[in-house]
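# Observations on chain architecture
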Amino acid sequence: WDAADGGTTAVVAVLLRGSTLVVASVGDSPALLLGRSSTGSPRHRELIDEHSATHAAEFERICAFATKQNCAGSKLRFVYDCPDGEMIDIFKQEDGHAVVDEEASRRADEHDCMVKTSRGDLVSCIVVPETTVVLPHGTKAAHGLPVREQTRETLVVAIDEQYIAMTRSLGD
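Cut-offs and rules
Residues numbered from 1 in each chain as written. Predicted model: local features only at pLDDT ≥ 70, side-chain atom pairs only at ≥ 80, totals over all residues. Heavy atoms only, no water. Helix = DSSP H or I, 4+ residues; strand = E, 2+ residues; numbered from the N terminus. Contact = heavy atoms within 4.5 Å. Areas by Shrake-Rupley, 256 points an atom, 1.4 Å probe, with all protein chains shown as cover. Pairing = 2+ DSSP bridges. Disulfide = S-S within 2.5 Å. Buried < 20%, exposed > 50% of the residue type's maximum accessible area, 1.4 Å probe, protein only. Patch = residues over 30% accessible without salt bridge, like charges linked within 9 Å, V, L, I, M, F, W, Y side chains within 5 Å. Salt bridge = Lys/Arg side-chain N within 4 Å of Asp/Glu carboxyl O. Axes fitted to C-alpha atoms, helices over the stretch in contact; angles between N-to-C directions. Phe/Tyr/Trp six-rings, centres within 6.5 Å; stacked < 30°, edge-to-face > 60°.

This part takes up the overall build of the chain. Secondary structure summary: the chain contains two helices and 13 strands in total. A fraction of 45% describes how many contacts in the chain between residues 6 or more apart in sequence connect residues 24 or more apart. For the chain, the computed accessible surface area is about 11300 Å², with 52% contributed by carbon and sulfur atoms.

This is the structure in structure tokens:
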């Protein structure tokens, strides 16, 4: 598969009753509020961060959510997806926080990781490790999934490792 050519992003803003701004976004484009300063020069304020695979705050947010939901959040990997099959972790830990690993970017270049945007963003994805899920016995969602354990009340099914493409295409 080739994730370099796809992607969808949306930012929607609604002004309610002329005084309440509601903003929502899906994808990796930030929501910006544009205006002018008191001197008339253009200004902007970022309302919502981008949701990209190379944004450290997004990496930490997703891992924390997955951990809280008991979904192997500490094992999620955000990687550069190289055409030779090499997957290079984008982040390293410094002082308890994720930071983009510049050495990883250099290694991705050595593996001919494709550039997907005019900004130079590299093809990347989230790797979700194989996991098991406990479902009530008879759940239709379990159809076709490998059963690891079974009791009268529950099924333990395996969910294969997954690769979720992260793109940034629109607006570039």
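Read on, since the account is not over.
So, on to the pairing of strand E12 (residues 154–159). Bridging between strand E10 (residues 131–136) and E12 involves six bridges; their strand directions are antiparallel. Counted as the bridge partner of Val 133 is Val 157 from E12. Sheet topology places strand E11 (residues 147–150) next to E12; three bridges connect them, and they run antiparallel. Of the residues in E12, the one forming a bridge with Glu 149 is Val 156. As consecutive antiparallel partners, E11 and E12 are separated by three residues.

Considering all chains together, one arrives at zero disulfides under this definition. With no disulfide partner, Cys 82 has as its closest neighbouring cysteine sulfur the one in Cys 113, 4.2 Å distant. Among the residues examined, Cys 82 registers a relative accessible area of 4% and is labelled buried.

So, on to a nonpolar patch on the surface. On the surface, Val 12, Val 14, Leu 16 and Val 22 cluster together to form a nonpolar patch covering roughly 300 Å² of accessible area. Positionally, Val 22 belongs in strand E2 (residues 20–26). Using a relative accessible area of 41% as the deciding quantity, one classes Val 22 as partly exposed.

Of the strand pairs in this sheet, strand E7 (residues 91–94) and strand E8 (residues 97–100) are connected by four bridges, and their pairing is antiparallel. Within the sheet, the bridge partner assigned to Phe 91 lies in E8 and is Val 100. In this antiparallel pair of consecutive strands, E7 and E8, the connection spans two residues, and Asp 95 shows a positive phi of 55°.

By way of backbone hydrogen bonds, the strands of a sheet pair with one another, either parallel or antiparallel. Read from one edge of the open sheet, three strands run E10-E12-E11, paired in antiparallel fashion. The open sheet terminates on both sides in strands that have one partner only, identified here as E10 and E11. Neighbour-to-neighbour, the strand axes of the sheet open up by a mean angle of 20°, direction not taken into account.

Turning our attention to the packing of aromatic side chains. Going through the model one piece at a time under the given rule, you end up with three aromatic pairs. Plain terms: the ring middles of Phe 59 and Phe 78 are 4.9 Å apart, the flat faces sit at 90° to each other, and that makes the pair edge-to-face. Linking Phe 59 in helix H1 (residues 56–68) with Phe 78 in strand E5 (residues 77–81), this pair joins segments that are 19 residues apart in sequence. Phe 59 gets classed as buried once you look at its relative accessible area, which sits at 12%. The interplanar angle of 65° and the centroid separation of 6.1 Å between the aromatic rings of Phe 78 and Phe 91 together place this pair among those described as edge-to-face. Within this pair, whereas Phe 78 is found in strand E5, its partner Phe 91 is found in strand E7, the two being separated by 13 residues in sequence. Judged by its relative accessible area of 11%, Phe 91 falls in the buried class. Through successive ring pairs, a cluster of aromatic residues spans Phe 59, Phe 78 and Phe 91.

So far we have only geometry, and geometry alone does not tell us how the molecule works.
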